[in-house]
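# Structural characterization, general
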Amino acid sequence: MRGLLSVLLPLTRSFGPPSPHRGEGIKVFLVLLFALTQIAAAVLPGEAMPDPRQDQRARDLYSEVRCVVCQNESIADSSADIAADMRRDIRLHIAEGLTDTQIRDTMRARYGDYVLFRPRFALTTALLWLLPVAVLLTGGMIFALMNKRPEKTEPSALTPDEQARLDRLLDGDNGSQS
Amino acid sequence: MIVELGTFCLGLAFVLSLAQALTVAGGAVKPLRGIARFSEGLSLAAAVAAILAFAALLYAFITSDFSVSNVAKHSHTLKPLLYKISGAWGSHEGSMLLWCMVMLVFGALVTLNGRNLPDGLKHKVLGVQGLLGALFTGFTLFSSNPLARLAEVPYEGASLNPMLQDPALAFHPPLLYLGYVGFSVVFSFAVAALIEGRIDRAWARWVRPWTLLAWVFLTVGITLGSFWAYYELGWGGWWFWDPVENASFMPWLAATALLHSAIVTEKRDALKAWTVFLALLAFTFSMMGAFLVRSGVLTSVHAFAVDPQRGILLLIILFLTAGAGFTLYVLRAGSLSSGGVFASVSRESTLVLNNLLIFVALSTVCLGTLYPLLMEATTGKTISVGAPYYGLSFIPAMGAAMLILPFASLMAWKRGDLKSVWKRLILAAGISLLLALLGATLMGHSDAKSALSLGVGFGLGGWVILGSWQVIQSRTQLLKVPFAEAWRRFRGLPLATHGMVLAHVGLGLFVLGAVVETQTKLTAVDHLAVGQKLKLGAYEVTLTDLTRVAGPNYEAQRGILSVRDAWGKVCEAMPERRFYPASSTVTTEVALCFRPLNDLYFVLGEPSPQGWQVRALYNPWARLIFFGPLLMAVGGVLSLFDRRLRVGVASKGNKG
């Protein structure tokens with residue numbers, strides 16, 4: 001780190017007009033430029049795989065794998081060092097000829113379930129995957145039953161007089177519709 | 001002095017809200033029946049008190065009164081005025097006060113616009129709203145008072161998180177809260193109707209404008225937040241399925257379903273129990289969002305300072321209100337008379353299907369957000385739920401809903417004719433299929449997954465837009481009758497129809513933008529020294545200069561990039577990397593070159609021995625991602641101004 005700073009400190013001399021925060025501020029400024037790497041992202045130019053199909057596979061996998069030290073970022077979006085390491089691991093695995101599923105399994109074995117943005121289907125995650133399907137099926141069944149047995153019109157809770165007034169209120173302007 | 005008055009006003013708002021609820025409760029007892037009407041005056045007074053309390057907080061922020069703890073923590077004398085003001089809602093405490101103010105003002109609006117509501121219903125609504133107001137003002141006053149003083153006054157404030165010092169984000173929270181809290185009125189209406197045991201077409205008509213109003217604010221609020229993430233976070237993403245984004249998305253989805261089911265209740269006196277359920281659900285999700293963001297159970301860019309104790313208090317409020325609402329619902333929903341009958345092919349049916357699918361989509365978002373939290377709490381294991389999960393669950397559900405959308409908007413009420421609707425849609429279907437094919441093949445992607453996404457996106461987007469056009473075409477008979485006649489008919493269409501068409505076109509445009517941006521965007525990263533070039537698709541980006549710029553409360557390194565294509569200079573972009581000494585943080589300031597549809601997006605990264613890292617993104621059709629939702633909001637506003645929703649106008653003419 002200090003080595004890099006000494007390379008860069010001369011750069012700061014060319015920085016614009018003196019400001020009240022100069023001096024101590026510049027050092028902090030530079031340290032932070034390096035420290036807060038989560039802000040700007042991501043896959044660097046040197047990282048592309050020679051075979052375009054493999055490169056596409058790699059990039060699809062990057063977006064499924066979570067950067068384990070970041071806030072809710074995939075390793076495709078993160079420029080943290082560990083994200084770069086994880087991307088390199090994935091490229092190595094692809095080059096070794098592992099399938100996508102095998103690569104996901106290796107990542108999970110090393111970092112735990114947390115690392116995959118698509119949770120695998122297991123006993124503990126069954127509800128996560130199945131509940132929406134259950135909602136759809138239950139709703140669909142209710143809908144089908146509702147159509148099979150059309151409800152009878154129940155007598156209105158309003159007196160005929162009230163009903164007439166309500167209809168007038170509600171439909172008074174329906175003439176304007178085509 | 002003004003600050004103490006503010007605290008006093010907040011206390012006053014709490015007492016007045018409590019009184020508002022108590023007068024209504026008291027009015028239920030026979031000998032006191034008359035006192036319920038005092039709730040009207042009390043709601044106005046409570047709103048004034050809350051506005052004054054919030055004004056005091058604004059005053060403290062504008063004058064940088066660091067004796068107020070919240071100002072000291074979140075403001076700074078060097079901050080531009082806009083961000084001093086927005087600092088008032090930039091923290092947990094301040095935003096709670098904003099929440100309370102909005103809630104009490106909405107209560108007052110029920111009184112002011114409620115001349116046509118029957119007294120019984122109106123007072124019950126005010127009673128529930130008063131109770132909600134008392135709970136939230138009480139919470140703010142006793143656990144998170146933003147106007148609390150410090151014993152020792154610091155010389156300078158700690159400043160607002162620089163990432164939040166941004167025009168889009170200055171307005172994002174107030175709009176979001178107008179949406180969240182707007183649903184409290186809908187909730188109050190639902191509870192009041194359940195207490196009365198009567199839900200009819202008139203009730204649905206009173207509830208719909210409130211839902212629309214809140215929905216419009218929430219739509220704009222979410223869009224602004226998404227736009228902020230897009231250009232402030234610096235990696236060009238606009239939706240991360242972050243739990244906090246989901247927290248704002250869930251009430252939006254519930255409200256979208258409610259808007260559609262309330263139409264059925266209003267027009268056909270049907271789906272009552274379901275409509276009331278959604279009315280309760282929308283605000284429940286709003287409160288859940290508030291809890292998630294403030295409790296510390298989430299780690300997120302958005303999460304406010306974490307404090308478990310406040311989280312538990314908010315959770316208690318959530319369980320009390322939602323629990324009471326849904327218990328009442330279970331007790332009463334069965335007794336709601338079921339209304340109008342409809343055939344299996346009818347607009348009612350298609351809207352029921354639409355509601356089912358939106359509800360499935362909502363359940364995936366809800367599960368995806370809460371499941372990892374619950375799992376960690378119960379088993380200690382952590383999992384991640386991200387974009388790939390939603391791609392397999394949320395997107396198919398919404399896609400199916402979009403598939404039936406044009407049918408729903410052309411189908412007749414009560415008993416529809418599928419054949420005649422299909423005949424009117426067949427051209428739209430053909431063109432959409434063609435668009436799907438073109439999208440999948442011509443957008444320049446060989447990869448099968450991406451081609452599929454593009455095909456589906458183009459097909460669905462085109463289908464919804466063309467289907468919406470067919471609504472106008474059917475109503476005006478354009479090309480079949482003389483143009484002047486078609487124009488006359490077009491102008492005669494109710495505003496609600498225009499609103500519906502615009503909102504649906506907005507949805508279609510959003511889908512087109514979203515799919516093209518995510519599937520075909522280009523990225524180029526390189527380390528550039530002054531004079532060096534970078535290639536981004538058809539564009540050539542040259543770093544022409546580097547300068548240091550001093551801002552009001554930051555200093556920045558600015559890169560000057562000249563962007564050219566084959567025809568010459570396109571634009572000059574000036575991305576910055578800003579350092580805020582007050583909080584010792586660095587932010588990236590993205591430079592955007594707006595093309596008509598596309599964005600060129602530049603980020604200045606870290607310096608390196610070879611120069612500076614420059615990240616360039618080409619985001620095709622990105623404009624539609626933000627323009628689409630805004631169009632949806634405009635549609636909502638048009639609907640809101642439809643005279644049929646202004647019950648007052650209709651009834652004045654009819655009262656005689």
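Residues numbered from 1 in each chain as written. Chains lettered and ligands numbered in written order. Predicted model: local features only at pLDDT ≥ 70, side-chain atom pairs only at ≥ 80, totals over all residues. Heavy atoms only, no water.

## A look at the overall build of chain A
- Counting its secondary structure elements, chain A contains seven helices and zero strands.
- Reading chain A from its N end, one meets helices and strands in the order α-α-α-α-α-α-α.
- In chain A, which comprises 178 residues, the share counted as buried stands at 36%.
- Of the contacts formed within chain A by residues at least 6 apart in sequence, a portion of 48% connects residues at least 24 apart.
- Counting only carbon and sulfur atoms, one obtains 60% of the accessible surface of chain A, whose full area is about 10,400 Å². (Helix = DSSP H or I, 4+ residues; strand = E, 2+ residues; numbered from the N terminus. Buried < 20%, exposed > 50% of the residue type's maximum accessible area, 1.4 Å probe, protein only. Contact = heavy atoms within 4.5 Å. Areas by Shrake-Rupley, 256 points an atom, 1.4 Å probe, with all protein chains shown as cover.)

## Here's the deal with the overall build of chain B
- Counting secondary structure elements, chain B contains 20 helices and 10 strands.
- Rg of the C-alpha trace for chain B: 27 Å, near the compact-globule value of 26 Å for 656 residues, within the 12% margin.
- Counting over 656 residues, chain B shows a buried share of 62%.
- Taking the contacts inside chain B whose residues are at least 6 apart along the sequence as the reference set, 72% of them involve residues at least 24 apart.
- Accessible surface for chain B amounts to roughly 24,900 Å². Of this, 68% is attributable to carbon and sulfur atoms. (Rg over C-alpha atoms; globule rule 2.2 N^0.38 Å.)

## Structural notes on the environment of G234 of chain B
- When you line up the elements, G234 of chain B lands in the loop between α8 (201-232) and α9 (243-268).
- Taking the C-alpha atoms as reference points, G234 of chain B and T588 of chain B, separated by 354 residues in sequence, lie 6.4 Å from one another.

## Some remarks on the side chain of T275 of chain B
- With respect to the helices and strands, the residue T275 of chain B is situated in helix α10 (residues 272-295).
- Those residues within four positions of T275 of chain B in sequence are excluded, and the remaining contacts are W203, L258, S261, A262 and T265 of chain B.

## A word on helix α3 (residues 52-62) of chain A
Residues and elements named next belong to chain A.
- Among all positions of α3, only D55, Q56, A58, L61 and Y62 are buried.
- Buried residues in α3 make contact with α4 (81-96) and α5 (100-111).
- Sitting at the head of α3, D51 places a side-chain oxygen 3.0 Å from the backbone nitrogen of R53. (Polar contact = N/O pair within 3.5 Å; in protein donor to acceptor, adjacent residues only side chain to side chain.)

## A closer look at the packing of aromatic side chains
- Taken as a whole and judged by the stated rule, the model has 36 aromatic pairs over all chains.
- Seen in terms of ring centroids, W129 of chain A and Y389 of chain B are 4.8 Å apart; in terms of plane orientation they differ by 70 degrees. Their pairing is edge-to-face. Linking W129 of chain A in helix α6 (residues 126-148) with Y389 of chain B in helix α13 (residues 387-392), this pair reaches from one chain into another.
- Assessed through its relative accessible area of 17%, W129 of chain A is described here as buried.
- According to the relative accessible area criterion, Y389 of chain B is buried, its value standing at 0%.
- Ring geometry for F277 of chain B against Y329 of chain B: centres 5.7 Å apart, planes inclined by 45 degrees, an arrangement best described as tilted. Highlighted residues: F277 of chain B in helix α10 and Y329 of chain B in helix α11 (residues 308-333), separated in sequence by 52 residues. (Phe/Tyr/Trp six-rings, centres within 6.5 Å; stacked < 30°, edge-to-face > 60°.)

## Here we look at the pattern of salt bridges
All names here are of chain B.
- Inspection of the entire model under this criterion finds 28 salt bridges over all chains.
- The residue D65 makes a salt bridge to R149 at a minimum N-O spacing of 3.3 Å. Highlighted residues: D65 in the loop between α2 (38-62) and α3 (69-74) and R149 in the loop between α6 (119-143) and α7 (167-196), separated in sequence by 84 residues.
- We note a salt bridge from E485 to R489, for which the minimum N-O separation is 3.0 Å. (Salt bridge = Lys/Arg side-chain N within 4 Å of Asp/Glu carboxyl O.)

## Some details on the sheet that holds strand β9 (residues 599-608) of chain B
Residue and element names in this part refer to chain B.
- On the basis of which strands lie adjacent, the open sheet formed by four strands has the order β1-β10-β9-β8 and antiparallel pairing. In this open sheet, the two edge strands, each paired with only one partner strand, are β1 (522-528) and β8 (591-594). Direction aside, the axes of adjacent strands within the sheet are offset by 20 degrees on average.
- Here four bridges tie β8 to β9, and the two strands are oriented antiparallel to one another. Bridging from a neighbouring strand, L592 pairs with Y601 of β9. (Pairing = 2+ DSSP bridges. Axes fitted to C-alpha atoms, helices over the stretch in contact; angles between N-to-C directions.)

## A word on the packing of helix α5 (residues 92-112) of chain B against α6 of chain B
Residues and elements named next belong to chain B.
- One way to put it is that α5 packs onto α6 with a least axis distance of 10 Å and a crossing angle of 165 degrees. By the criterion of interaxial angle, the relationship of α5 to α6 is roughly antiparallel. In the crossing of α5 with α6, the sense of the turn from one axis to the other is left-handed. Where α5 approaches α6, its residues H92, E93, M96, L97, W99, C100, M103, L104, F106, G107, V110 and T111 are matched on the opposing element by K122, V125, L126, Q129, L132, G133, F136, T137, F139 and T140.
- Among the residues making up the contact of α5 with α6, the classes are represented as 13 nonpolar, seven polar and two charged. (Parallel < 35°, antiparallel > 145°, perpendicular 65-115°, else oblique. Left-handed = near helix turned anticlockwise from the far one by under 90°. Nonpolar A, V, L, I, M, F, W, Y, C, P; charged D, E, K, R; others polar.)

## Here we look at a nonpolar patch on the surface
All names here are of chain A.
- A cluster of nonpolar side chains, contributed by F121, L130, V133 and L137, occupies part of the molecular surface with about 400 Å² of accessible area.
- Summarising the element assignment, F121 is placed in the loop between α5 and α6.
- The class of F121 is exposed, set by a relative accessible area of 53%. (Patch = residues over 30% accessible without salt bridge, like charges linked within 9 Å, V, L, I, M, F, W, Y side chains within 5 Å.)

## A short note on unusual backbone geometry
- Backbone geometry places K414 of chain B, a non-glycine residue, at a positive phi of 70 degrees.
- When you line up the elements, K414 of chain B lands in the loop between α14 (394-410) and α15 (418-442).

## Focus on the nonpolar core
- Ranked by internal contacts, the top residues of the largest apolar core, which has 137 residues, are W99, F136, F189, W203 and F283 of chain B.
- In this structure F283 of chain B touches W99, M103, L132, F136, Y180, V181, F183, S184 and F187 of chain B, once residues within four positions along its chain are discounted. (Core = buried A, V, L, I, M, F, W, Y, C linked by side-chain atoms within 4.5 Å.)

## Points about α4 of chain A
All names here are of chain A.
- For α4, spanning 16 residues, the distance from its first C-alpha to its last is 23 Å, which sits close to the expected 22 Å at 1.5 Å a residue.
- Here the buried face of α4 lies against α3 and α5.
- The positive-phi residue at the C-terminal boundary of α4 is G97, with phi of around 95 degrees. (Expected span 1.5 Å × (residues − 1).)

## Regarding the domain arrangement of chain B
Residues and elements named next belong to chain B.
- In terms of domain boundaries, chain B breaks down into domain 1 (1-165), domain 2 (208-320 + 330-411), domain 3 (417-520 + 627-634) and domain 4 (522-619).
- Here domain 2 and domain 3 have C-alpha centroids that lie 24 Å from each other.
- Counting from both sides, the interface comprises 19 residues of domain 2 and, opposite them, 25 residues of domain 3.
- Across the domain 2 to domain 3 interface the summed buried area is about 2,000 Å²; carbon plus sulfur atoms make up 81%.
- Three residues stand out in domain 2 for area buried against domain 3, namely W238, M402 and L410, and they jointly supply 33% of the buried area on that side.
- The interface formed by domain 2 and domain 3 includes zero salt bridges.
- If you look at where domain 2 meets domain 3, you find two residue pairs in polar contact (both at pLDDT 80 or more). (Domains from an automatic or database assignment. Buried area = accessible area lost by both parts, 1.4 Å probe.)

## Considering the pairing of strand β3 (residues 539-550) of chain B
Residues and elements named next belong to chain B.
- Judged from the four bridges that link them, strand β2 (residues 533-536) and β3 form a sheet pairing that is antiparallel. Within β3, the position partnered with L534 by the bridge is V541.
- As consecutive antiparallel partners, β2 and β3 are separated by two residues, and within that stretch G537 has a phi angle of approximately 55 degrees, a positive value.
- Two elements, β3 and strand β4 (residues 555-565), share 10 bridges in a ladder whose sense is antiparallel.

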